[in-house]
Each structure stands twice: as C-alpha cells, then as structure tokens.
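These are the residues of each chain, in order.
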Amino acid sequence: MEEDFFVKIINADKEYRGKTLLEGINLGLYKGRTVGVFGGKKSGKSALLRLICGVEKPDEGKVLLEGKKIGKNAKKRIAMLLNHEIISKFKTVQGLIEFYEAFYGDFERAKAVNLMQQMGVDPNKKIDKLKGVNQLIGLSLLGGRKADLYVLDEPLDYFDRNERGDYLKTVIKSLEGNPLVVISAEYLRGIDVLVDDVVLLHEGRVKLVKTCEEIRNATGKGVEDFYKEVFGNGSL
C-alpha cells in the first residue's frame, strides 16, 4: 500500500551550480527491501541518495521518512557509507571505531570488528591508503550500526563482481530488524542479485521502478540483462 512507504519522495528537483541533477522525482520505498538505484554517469544516483539520507534537501518537493521531513532525530535512524577520502583521514582503524562509538549510540564495536575480520581486515592496523581496504572498513562500520535505513552510494567499486557481491551479501545479511537498504551503482555486477527492487535513473529522472520479480516475469531476464537492454552495454 502506498501509505506504507518508509521513504517517500514527492516532486523533488535538485540543481547544483545551475545544472539540473534531479527533476520531478516521485518515488516510494518500503522498509524491509533492498533497493538498487542504477544508472550511468551523471544520471543523478548520488544526488538521489543524498536526498534519501537527508544530507541535502531538494530545491523543490519533499522527502519524507515515515510521513515526516527528515530532521535531526530522523538522521539518527540512517546509516550512510563513509567514502575512502574520509576514512583515510584517520590514522588507525581503532581510532575510527572509537569515533563511531562516540558519535553513534547504536554502534556495536564487536559486530563491526567481526565483519572486518570476515572480510580479511585487521582492526588493529593503521589505516591503509589503499582504496579497497578502506572500502571494506567503511562497509564494516556501516554494518555495525543499528539503523532503519542504510544508504550505500557506489559501494566497493574497487572490487570485481564476485568479491563485491560476497562482501555486500555478508553485511546485508548481518543487518538486524527490518531495514530499508538503498544501493546505487553504475556497474551492476555483483549487486544485481542482491536487490529486491530496481530504480533506473537517466538524466536526473526516474525511468523505471519495478521489483526484480516483475522484471523477470515480464521479460524473462535477470536485472543485469534487462539493464543492458534498456541502457546498452556501455556501463557494464
């Protein structure tokens, strides 16, 4: 039912320095689902995820979390994946863990450390300058949060299909409760099999919203093959 949307975006527009990033976005997302936001470069994926997690506000329109605008208290319920640049500013993994403990009341150190160890990251080491290692650290810290909404913008783009899929599956399966997980990607490999619902973006507009089951039933194709058919092979 439409009234059950956990996140609802209504007629949202977003510009940056005179350029349109998003236009006329209408979208409803349900709790308990993993949603893939897919599209090519400059399609508006990152801009949309920043609206969803409340980092930015739309120039026009509304973004609602359980029917209310995303305010300070609502942001405590949202976990966003840290990027490589922020993580690399810390000297040690332990220092970053301590920052999370101090800043997020829902953060579980033991769980985050366990996820790091599962992914081959030593939580007692200094922060590596390698992007891949830092992406795994950020993903583990995200998994250590107890949130209602998890937002992952282009996660693990350093890794190949199988590695990326395995790492993301490990963290998504570890999430407690019934959260909404939103993942953006230009390159679908390893992510397409993890999502329940698909949002396709093109030039700042929503081109399609369907469940993976609807796509399979209507086309006989998986998400990746369907994406190729809609957008061509350029982004894959």
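Just so it is clear, the model here is predicted, and its values are computed rather than measured. (Residues numbered from 1 in each chain as written. Predicted model: local features only at pLDDT ≥ 70, side-chain atom pairs only at ≥ 80, totals over all residues. Heavy atoms only, no water.)

A word on the sheet that holds strand E2 (residues 19-29)
Reading across from one edge, E2-E1-E4-E5 is the order of the 4 strands in this open sheet, with antiparallel pairing throughout. The sheet is open, and its two edges are formed by E2 and strand E5 (68-69), each paired on a single side. Bridge count for strand E1 (residues 7-16) against E2 is 7 bridges, and the pairing is antiparallel. Residue pairing in the sheet places Lys 14 in a bridge with Leu 22 of E2. Each of E1, E2 and strand E4 (60-65) is contacted by helix H1 (residues 45-52), which is oriented at about 55 degrees to E2, the strand it contacts most. (Pairing = 2+ DSSP bridges. Helix = DSSP H or I, 4+ residues; strand = E, 2+ residues; numbered from the N terminus. Contact = heavy atoms within 4.5 Å. Axes fitted to C-alpha atoms, helices over the stretch in contact; angles between N-to-C directions.)

A few points about the pairing of strand E8 (residues 180-185)
E8 sits mainly inside the fold: 6 of its 6 residues count as buried. In terms of strand pairing, strand E3 (residues 34-38) meets E8 through 5 bridges, oriented parallel. Across the sheet, residue Thr 34 finds its bridge partner in E8, namely Val 181. Two elements, strand E7 (residues 149-153) and E8, share 5 bridges in a ladder whose sense is parallel. Counted as the bridge partner of Tyr 150 is Val 181 from E8. Between E7 and its parallel partner E8, the chain crosses via helix H7 (residues 161-174), and the hand of that crossover is right-handed. (Buried < 20%, exposed > 50% of the residue type's maximum accessible area, 1.4 Å probe, protein only. Right-handed = clockwise from strand over helix to strand, strands pointing away.)

Considerations on the packing of helix H4 (residues 93-103) against helix H5 (residues 109-118)
Following both chains from N to C, one finds H4 and H5 inclined at 145 degrees, their axes separated by 11 Å at the closest point. Where H4 crosses over H5, the two elements pack in a sense that is right-handed. Touching Val 93, Gln 94, Ile 97, Glu 98 and Glu 101 of H4 are Arg 109, Val 113 and Met 116, all from H5. Looking at the contact of H4 with H5 residue by residue, the classes come out as 4 nonpolar, 1 polar and 3 charged. (Left-handed = near helix turned anticlockwise from the far one by under 90°. Nonpolar A, V, L, I, M, F, W, Y, C, P; charged D, E, K, R; others polar.)

Examining the packing of aromatic side chains
Any aromatic ring pair is given by two values, namely how distant the centres are and how the planes are angled relative to each other. Counting across every chain of the model gives 10 aromatic pairs. Ring geometry for Phe 99 against Tyr 100: centres 6.2 Å apart, planes inclined by 70 degrees, an arrangement best described as edge-to-face. The exposure class assigned to Phe 99 is partly exposed, which follows from its relative accessible area of 34%. By relative accessible area, which is 3% here, Tyr 100 ends up buried. Both rings, one in Phe 103 and one in Tyr 104, keep their centres 5.1 Å apart while their planes meet at 85 degrees; by these two values the pair is edge-to-face. Relative accessible area serves as the criterion here: at 56%, Phe 103 is assigned to the exposed category. Joined through ring pairs, the aromatic side chains of Phe 90, Phe 99, Tyr 100, Phe 103, Tyr 104 and Phe 107 make up one cluster. We note Arg 145 situated over the ring of Tyr 104; from NZ or CZ to the ring centre the distance is 4.0 Å. (Phe/Tyr/Trp six-rings, centres within 6.5 Å; stacked < 30°, edge-to-face > 60°. Lys NZ or Arg CZ within 6 Å of the ring centre and 35° of its normal.)

Quick look at the environment of His 84
Examined against the element boundaries, His 84 turns out to sit in helix H3 (residues 84-87). On the basis of relative accessible area, His 84 is assigned to the buried category, the value being 17%. Note: C-alpha distance between His 84 and Gly 232 (148 residues apart in sequence) is 30 Å. If near-sequence neighbours (up to four positions away) are discounted, His 84 is found in contact with Lys 129, Leu 130, Lys 131 and Asn 134.

Some words on the pattern of salt bridges
Following the criterion strictly, the structure yields 15 salt bridges and no others. Two residues, Asp 197 and Arg 33, come together in a salt bridge whose shortest N-O distance is 2.7 Å. Highlighted residues: Asp 197 in strand E9 (residues 197-202) and Arg 33 in the loop between E2 and E3, separated in sequence by 164 residues. For Glu 108, the salt bridge identified is with Lys 146, shortest N-O distance 3.1 Å. Taken as a pair, Glu 108 in the loop between H4 and H5 and Lys 146 in the loop between helix H6 (131-143) and E7 lie far apart in primary sequence, 38 residues in all. Judged by relative accessible area, Lys 146 falls into the partly exposed class, the value being 46%. Sharing partners across several salt bridges, the network here consists of Lys 14, Arg 50, Glu 56 and Asp 59. (Salt bridge = Lys/Arg side-chain N within 4 Å of Asp/Glu carboxyl O.)

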